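Coordinate inspection notes
So the chains spell out like this:
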Amino acid sequence: MNCTSTGDRRKPESGPAYVHHPSFESTPEDQWMKPVQRDPEAGHLNEEQTRLLAQAMHYAAWRADCSRTEIQREHWTAKYFQLRDEIILGNQKLVYRAVHRWRPSIRYQDEMIGACHLIFIQTVAAYNPWIGVRFSTYAFT
């Protein structure tokens with residue numbers, strides 16, 4: 001695939017944001033799109049699973065950016081949002097842990113959970129899985 005990147009991060013107004021990684025061009029698609037299995041007992045994603053999904057999410061956004069047809073762009077954009085949602089649902093406990101830390105009154109707890117979810121969605125999209133920072137640490141920061 002021949003797609004040139006204009007920098008490390010793509011601007012969101014032109015499609016899904018992504019962090020460009022040099023291995024996108026050299027690694028086959030099936031390596032990026034391997035399914036990640038959740039542990040049914042745990043009910044959430046561990047750090048390694050989250051990192052793999054985040055890498056696949058950025059790859060999907062890069063592929064959407066490099067797509068030559070609208071059908072390909074829609075396919076990769078849908079894949080991006082599917083992976084993003086999987087990360088969000090698999091790490092939802094972080095939102096409740098953050099709200100619990102602040103101990104808001106019951107009156108404001110629902111508002112705070114909603115606001116944290118919105119921030120969490122933005123955090124997932126901005127997370128760079130190649131810098132070596134745990135996702136939970138990044139999300140709390």
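The following refers to the structure shown.

Rules behind the numbers
- Residues numbered from 1 in each chain as written.
- Predicted model: local features only at pLDDT ≥ 70, side-chain atom pairs only at ≥ 80, totals over all residues.
- Heavy atoms only, no water.
- Helix = DSSP H or I, 4+ residues; strand = E, 2+ residues; numbered from the N terminus.
- Buried < 20%, exposed > 50% of the residue type's maximum accessible area, 1.4 Å probe, protein only.
- Contact = heavy atoms within 4.5 Å.
- Areas by Shrake-Rupley, 256 points an atom, 1.4 Å probe, with all protein chains shown as cover.

1. A short note on the overall build of the chain
- In terms of regular secondary structure, the chain is built from seven helices and zero strands.
- For the chain, buried positions account for 38% of its 141 residues.
- Across the chain, the fraction of contacts at a sequence separation of at least 24, relative to all contacts at a separation of at least 6, is 62%.
- Carbon and sulfur atoms make up 53% of the accessible area of the chain, which amounts to about 8800 Å² in all.

2. Quick word on the environment of leucine 53
- Along the chain, leucine 53 falls in helix H3 (residues 47-66).
- The sequence separation of leucine 53 and lysine 34 amounts to 19 residues, and the corresponding C-alpha distance is 9.0 Å.
- Setting aside chain neighbours within four positions, we find leucine 53 in contact with Val36, Leu45, Leu83, Glu86 and Ile87.

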